[in-house]
Each structure stands twice: as structure tokens, then as C-alpha cells.
Amino acid sequence: MEKAVTIALAGNPNSGKTTLFNELTGSYQHVGNWPGVTVEKKEGKLKGRRKDVVIMDLPGIYSLSPYTLEEVITRNYLLDEHPDVIINIIDSTNLERNLYLTLQLLETGIPVVMALNMTDLLKKRGEKINTEKLSENFGCPVVEISAAHSTGLDELIDTALAAVGADTRPQVKSYFSADIMRSIKDIEDMVSGRVADASLRFYAIKLFERDEKINVNLSAAEQGTIDNLVSACEEKYDDDTESLITGERYDFITDAMKTAYTKRNKAKLTMSDKIDRVVTNKWAALPIFFGIMYVVYYVSITTVGDWTIGYVEQFFGWIQESAAAGLAASGAAEWAQSLVVDGIIGGLGSIFVFVPQLMILFLFLSLLEDSGYMARVAFIMDRIFRKFGLSGKSFIPMLIGTGCSVPGIMASRTIENEKDRRMTIMLTPFIPCGAKLPVFAMFIAIFFSHQAWVGPSMYLIGILMVILSGIILKRTKSFKGEPAPFVMELPEYRAPRAKHVLMHMWEKGRSFIIRAGTIIFVACTAIWFFQSFSPSMIYVGDDIDQSMLAMFGNAIKWIFVPLGFGETWAAPVAAVTGLVAKEVVVATFATIGSVTTIMFSQVTAYAFMVFTLLAAPCFAAIGAMKREFGNWKWTLYAILYQTGVAYVLAMLVNLIGSAIFANSPATTQTALGAGILEDVSEGDVVNGDVVLIVFGIILVAAVIIILVNKANQRKKYGSLKGTEV
């Protein structure tokens, strides 16, 4: 029996590491083109050839200096677990920057195999890498691959397995200068026997760099000797040792590339450069982004998506009619018929009716992501965020949170600044996640069927509230400080790959369907129970106002009166049940709407959408916040802040919107209908004024401008306080 082998995948963010992991293991881990997609190590077995080969997908990092969580996870795994071989995945289009990590990996003493990924893109640019010369310069095997097209993978695995057990310790003829090398060798002699022989070089260099997280149980005298060696080098070269090591590594890389890398068409702009001149333009970037989102929503929700809904409605309508007829014929009790037809089929049908729209939406988002455009959105938002004191790193979790807030909140681990990380956790749920989209789709279909920009306006308001919150929170003691720096490599634009796009679309769609069949199924059943029985457990049937749910709704509805949807108890109950899962809001309206009519105007409908967008997220996301904060104090603080912001903004939309549009179609009450699955007739639809929504956006923008202006005034004139002028 062959001995089990562990292969670790290590590389920079966006180098194709997770794509390679999926190809080697047959897994379907999410692949993104921004940092933070992999925030924990993932394990899988090599498919096909040998079942005893374990593949570890480590977080994408730029170096083994433990400044971020990803670097800590990767470094600890390599030093503590000591895998048999490392496959160092390298983005060939950014060779020099990627090779810095390669040198550090070689210093660990673990066998390393370089996997030159994306060489197809490199060749299109007219550039070439001499793999034999690169292998000679770095002392490790080099294999050209394309993870996206599954080429070169067999050779890569064969090379990695052949490297197991090889002695890869760097030779004395190092890339460091003589003085530095002598100091490193002295430190190696001092710690010899306390760490693995193969890793001596790595530990010695880290001690030379004054890395505080390296612990080899040195005595006070030994630590003093090392400090003297380090101080002598720093004094001689007039620089800190970490900078000296970094500089000499890059000097070596530069020299090595002269013989191994041929760059052509130096003055010629690549296609990505030409596109970026437009889509990342200072003035055009945001309009282009929202224009793209407008098209996405127009197709997904308003046109093609709306057309597909009719077929699903008919299907579930037929199921309801068949179930009702079958239960009636079998003599089932009235409550049993109501449970199955209205509670289960009606509740789940109200969610599944939006699956076609969401699948189309997920398809478009996957196309944008796989093409490399979504990475540009992060770059654009970084430029905006930093103007308001926020870290550009904060937008990456928010971008990931468009699928689900839970992984978005977890991705905040990539932010090393604790204050920025806490603020990112608090603000990530402001960005619309996949669970909120059915709520928006329902209200858009009924109240804003001819205004495709209503959907994108939710993203705009979410982003604006993140910026506004950043301005406010950065001026409090708990969050004050300089934002963390944000470094991100923009990937080359490429044609989206059908396999990856469809896989991402299915992942997101499947997650939605699973939630509908589990959490939402239970929630629909519970809602039906509480709306169908009185506190004395008497079945109330259509007399829903006597139910436990109605009693609860009547007890809390006064809270929502300023928001415009507290006159009856149904909408407040839906707003609260959204804590279970945001999709349950739709199921609640469907279940309650089967026996009563729920009224909204365009103004109050939009206020409800704003409240749903910004209020506390679902229980799963709250649990994720608790795990990342580490305590309930900050979690409760975040929930109160989120819900408070949602309440204030929804109230402003209702009060000011109702005043401006008094006695206009925008304030005319429209019924959700006797159940969400029933078609809303043309006469019931109010084609409201576009200004209603634009007003909400302008209102938020105006508040931001005022606050920024005041902040600038304080900065300008604050220093004059107490000074003679």
C-alpha cells in the first residue's frame, strides 16, 4: 500500500489556486477574482489516480509574514503540519510579484514545485518564460499549466509526487549579501536542534527580521546575541532588517527574470488596459457600474425573468388545486387542507416562483465575476471608500456578501485592523444578499413593474449607507483610526468559461433552493400554525384576526406606523419573520395573503424594501457576526445599529415621500392580492413616478454631502480653537 501524500497548494490571491483545487479534487469550491475567497484551508482527495493523495487549498497570500489571518493560517500549516510537497501556483502574467512568495516557500525546506498558471494569456501578450532557466535559477521543478482549461495537470501531479522527500534546503551560495548571510548562518547555528533541519533557514531569517511571532525558546543571552547581530546590520546598511531581506529577495528575482523571462510589445497596451481606461475611469466608473446593474435587473426581473414567472405560477397553482381537490375528496379536515394547500404549498410556492428570476440574475453576476469585471468594482469602491476614511478591503466582504451575508461576514477576517474589521462586519449586511432579492422581486413585480432601476437602487442605497455609516462611525472612539491599506492585483479580462459560470450559478441557486426546502419550509409551517389557531388552540380558519399571529402583530404594529406599514398587523409580522430568513418575508405575505388583503402604496412599498435592505440580517448571519466578533456585546451593538438605520431611513422615505406625492398615484393603496401566486390585474398596478425612488437616493446623498462638509470644516478650523488669531 502506498504511503499517503499531502500536497499543499500555495500562491498569491487570484493566481488560480482554488480553480486548480477544484480540478484536482472534483470539488466545487467557490472561485472568485478577489482576495478573501479562501479564508480557511480546505481539504480534498486527488480524484482518479491515487486516493491516498490529499490536496490542501491554503488561503491566497503575498508572503509568509504573519500580518493577516490568511498568512497566519498558511504559515502555521506549513510549519506545524509540514506537508510532503508544496505546489506553488504562479500567475504567469504577474511573474515578478508571485516569485517573492516562491523564495519564502523554498526557505521552509519543504519540496516546492512551481505551477506556471495562465501561460495562455501570457502567450497572447507576446511574452515567454523559459521554464528550464527558471527551474535552474530557483532550484525547483517548473511546470506550465492552465487550471481553467485543465491542461498540464497530470504532469504537475507526477512532478509533485516525484519531488516528495527531495532535499530542497537552500545552499550556502544564497541570494543574500555576505554580511547578511553570515548573520543568518550564525543564527542557524544557534537554533539548530530546536527546529527541523530543513526549516533552519526559514526560522533564522525570521529571527533576523525580528519576527515577534517566531518562538524557538531562546534564552535571554541568545536573544541578546541575535539582537546585536541584527543591530549591526541595520546600522551598517541604515535600514531595518525586514526591508533589507525584502530588497535582496527582489534583487535576486530581477536578476533571475533577465535570463528566464522575455517580454515583448513593451509599449503596446493590452486589451485589459484599454478596457480599464474606460470602466475604471474616475468619472465614468460608477455610472458604468450602475448602468450594467440596470441591464442585469431589467433582463432578470422585468422582462425575461417576469415572463418565466408565469409558468411557475401556473405550475404551483395547478398543484394547489389538485391538492385541494384530493384532500377534499378524501374527507380531510379543514385545518389539514389549509396546512397543505395554503401553509406548505402556498408558502413554498411563493418562494420558488422567483427561482427563474434569481437563476437569471445569478447567471449575469457569474458572467461579470468570471470575466474579471467584479474585481474592477472592488478597485472602484476602494477609491471611493478611502475618501471617507474606510478601508478598500471592506468592500471585498461586501462583494462576497451579495451572494450571502454569512461568507461575506467571514471574509472580514482578511482585514488585519481590528477596528476596520468590526466595522466591516457591521456594514456588510447593508449590501443586498441573495435572500433579500425575492422580497425586492415581489414588490417590483407588483408595484414597480415598469421601473427596472428600482432593483439597482437597492444596491446604491446599500453602498451609500455603508459610506454614511463609515463617516459617522470613524468619528467615534471605537472605530477611529487610519484605514487598513488595500493591495489587490487586477486579473486580466477573459472570456467567461461556460463550465465555471454555470457552476457558480447552480451553487447560488442550489443554496437558495435548499434554504427554501428546509428553513423556509419549517418557517411556513410555523407561520400557518400561528395564523390558524387562537391562543386557546381553536382553529380560526379565515377569521385570521383572532389568531396568535394577529395578536402578536397587533402588539407590535404601532412601532411601524411611522414607516407607513403599521396600520394593519400583517406587514409588521412579515418584517419580523424576516429574521429567520429574508425569503420568509415573501412566504409570510403569501400565507397571510391567502385569507386577507394586504395594502401598500408605492411609497410604503419602497419604505418596506428599504427597511428589509438595512435591518438586522437573518439568524444565520447574526450567528456569523457573533463568531467573528467573539462576544454578544458587539453583536447586539451591530443589530441595534443596523435596525436603527433601517428604521430612520424607511421613516424618512415614508414621511417625506407621502408629503411630496400626496394625492398622487404613488400614494394610492394597492393590494398584494389574495395570495402572492395570483396574478395582479393591470388595473391594480400603479405606474408610479420615477421621482419617488430618485428622491430616496438624493436624500441619502444629500446627508452624506452635509456630513462630509461638516467634517472638512472641523478639520480645517479645529486647530484654531484656543489660538489667538
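Residue indices follow the written sequence of each chain, beginning from 1 at its first position. Residues qualify for local features only when their pLDDT is at least 70, as the model is predicted, and side-chain atom pairs are given and counted only at 80 or more; totals for whole chains, interfaces and linings, by contrast, use all residues. Hydrogens are left out, water is left out, and the side-chain values use all remaining heavy atoms of the structure.

## Observations regarding the packing of aromatic side chains
So the rule is basically this: Aromatic contacts are taken between Phe, Tyr and Trp rings whose centres are within 6.5 Å, Trp giving its six-membered ring; a plane angle under 30 degrees counts as stacked, one over 60 as edge-to-face, and the others as tilted. Secondary structure is summarised from DSSP: a helix means a run of H or I of at least four residues, a strand means a run of E of at least two, and numbering begins at the N terminus for each. Categorising residues by exposure relies on relative accessible area from a 1.4 Å probe, with only protein chains included: less than 20% of the type maximum marks a residue as buried, more than 50% marks it as exposed, and the intermediate range marks it as partly exposed.
Inspection of the entire model under this criterion finds 24 aromatic pairs. Seen in terms of ring centroids, Phe565 and Phe600 are 6.5 Å apart; in terms of plane orientation they differ by 45°. Their pairing is tilted. Of the two residues, Phe565 is situated in the loop between helix H24 (548-556) and helix H25 (570-577) and Phe600 in strand E9 (residues 599-600); the sequence distance between them amounts to 35 residues. The exposure classification of Phe565 matches that of Phe600, with both residues buried. Here the aromatic rings of Phe565 and Phe608 are separated by 5.0 Å at their centres, their planes lie at 70°, and the arrangement is edge-to-face. Note that Phe565 is positioned in the loop between H24 and H25 and Phe608 in helix H27 (residues 602-614), a separation of 43 residues in sequence. The class for Phe565 is buried, based on a relative accessible area of 4%. A residue is classified by how much of its surface remains accessible, and Phe608, at 0% relative accessible area, is buried. Here the aromatic residues Phe443, Phe447, Phe560, Phe565, Phe589, Phe600, Phe608 and Phe611 are joined through ring pairs into a cluster of three or more.

## A few points about the packing of helix H21 (residues 454-473) against helix H29 (residues 632-660)
Convention followed: Lines fitted to C-alpha atoms define the axes, with helix axes restricted to the stretch in contact, and inter-axis angles between N-to-C directions lie between 0 and 180 degrees. Any angle that is under 35 degrees is reported as roughly parallel, and any over 145 degrees as roughly antiparallel; angles of 65 to 115 degrees are reported as roughly perpendicular and all others as oblique. It is the rotation of the near helix from the far one that decides the hand of a crossing: anticlockwise by less than a right angle makes it left-handed, clockwise makes it right-handed. Any two residues having at least one pair of non-hydrogen atoms within 4.5 Å are treated as being in contact. For this classification, the nonpolar set comprises Ala, Val, Leu, Ile, Met, Phe, Trp, Tyr, Cys and Pro, the charged set comprises Asp, Glu, Lys and Arg, and every other residue, Gly included, is treated as polar.
Across the interface, H21 lies against H29 with an axial gap of 12 Å and an inter-helix angle of 120°. Viewed along their axes, H21 and H29 adopt a mutual orientation that is oblique. Of the two elements, H21 crosses H29, and the hand of that crossing is right-handed. Across the interface between the two elements, Ile461, Met465, Ser469 and Leu473 from H21 touch Tyr637, Tyr641, Val645 and Leu649 from H29. Taken together, the residues of the contact of H21 with H29 break down into seven nonpolar, one polar and no charged.

## Quick word on the nonpolar core
This is how it is decided: Here, nonpolar core means buried Ala, Val, Leu, Ile, Met, Phe, Trp, Tyr and Cys residues that are tied together by side-chain atoms lying within 4.5 Å of each other.
Formed by 127 residues in total, the largest nonpolar core has its most connected members in Phe443, Phe589, Phe600 and Phe608. Sort the elements by how many residues they give to this core and H21 lands first, with 13 residues. Leu78, Met190, Val195 and Tyr261 belong to the second largest nonpolar core, which has 56 residues in total.

## Thoughts on a nonpolar patch on the surface
Applied cut-off: Patches here are clusters of residues that have more than 30% relative accessible area and form no salt bridge, with a 9 Å joining cutoff for like charges and a 5 Å cutoff for nonpolar side chains (Val, Leu, Ile, Met, Phe, Trp, Tyr). The accessible surface values rely on the Shrake-Rupley method and a 1.4 Å probe; as for residues, cover is taken only from the protein chains in view. The salt bridge definition used is simple: a Lys or Arg side-chain nitrogen within 4 Å of an Asp or Glu carboxyl oxygen.
On the surface, Tyr294, Val295 and Tyr298 cluster together to form a nonpolar patch covering roughly 270 Å² of accessible area. When you line up the elements, Tyr298 lands in helix H12 (residues 285-302). Assessed through its relative accessible area of 37%, Tyr298 is described here as partly exposed.

## Quick look at the side chain of Arg249
Counting through the fold element by element, Arg249 comes out in helix H10 (residues 241-260). Discounting chain neighbours no more than four positions away, the residues touching Arg249 are Tyr100, Leu103, Gln104, Glu107, Tyr175, Phe176, Ile205 and Glu209.

## A look at H12
Cut-off, in case you're wondering: By this rule, a helix spans an expected 1.5 Å times one less than how many residues it contains. As used here, the arc belongs to the directions running from the helix axis to the C-beta atoms.
If you check H12, its first and last C-alpha atoms are 25 Å apart, about what 18 residues at 1.5 Å a residue would give, namely 26 Å. Within H12, the full set of buried residues consists of Ala285, Phe289, Phe290, Met293, Val296, Tyr297, Ser300, Ile301 and Thr302. Angularly, the buried residues of H12 cover 165° about the axis, an arc narrow enough to put them on a single face.

## Observations concerning the pattern of salt bridges
All told, the structure shown has 19 salt bridges when counted by the stated rule. In this structure, Asp57 and Lys17 form a salt bridge, with 3.1 Å as the shortest nitrogen-oxygen distance. Placement of the pair is Asp57 in strand E3 (residues 53-57) and Lys17 in helix H1 (residues 17-25), with a sequence separation of 40 residues. Take Asp57: its relative accessible area is 0%, and that puts it in the buried class. Measuring nitrogen to oxygen at the nearest pair gives 3.7 Å for the salt bridge that ties Lys258 to Asp255. A residue pair is termed a helical-turn pair when its members lie 3 or 4 positions apart in one helix, as Lys258 and Asp255 do in helix H10 at three residues. Here Lys258 falls in the exposed class, since its relative accessible area comes to 63%.

## Quick look at unusual backbone geometry
Of note in this structure, Ser150 is not a glycine but carries a positive phi near 60°. Mapped onto the fold, Ser150 is located in the loop between strand E7 (142-144) and helix H6 (153-163). The residue Arg210 is not glycine, and still its phi comes out positive at about 65°. Locating Arg210 in the fold gives a position in the loop between helix H8 (200-208) and helix H9 (220-237).

## With respect to the environment of Ser65
Mapped onto the elements, Ser65 comes out in the loop between E3 and helix H2 (69-81). Taking the C-alpha atoms as reference points, Ser65 and Glu242, separated by 177 residues in sequence, lie 9.9 Å from one another. In contact with Ser65, not counting residues within four places along its chain, are Glu71, Gln104, Lys206 and Glu242.

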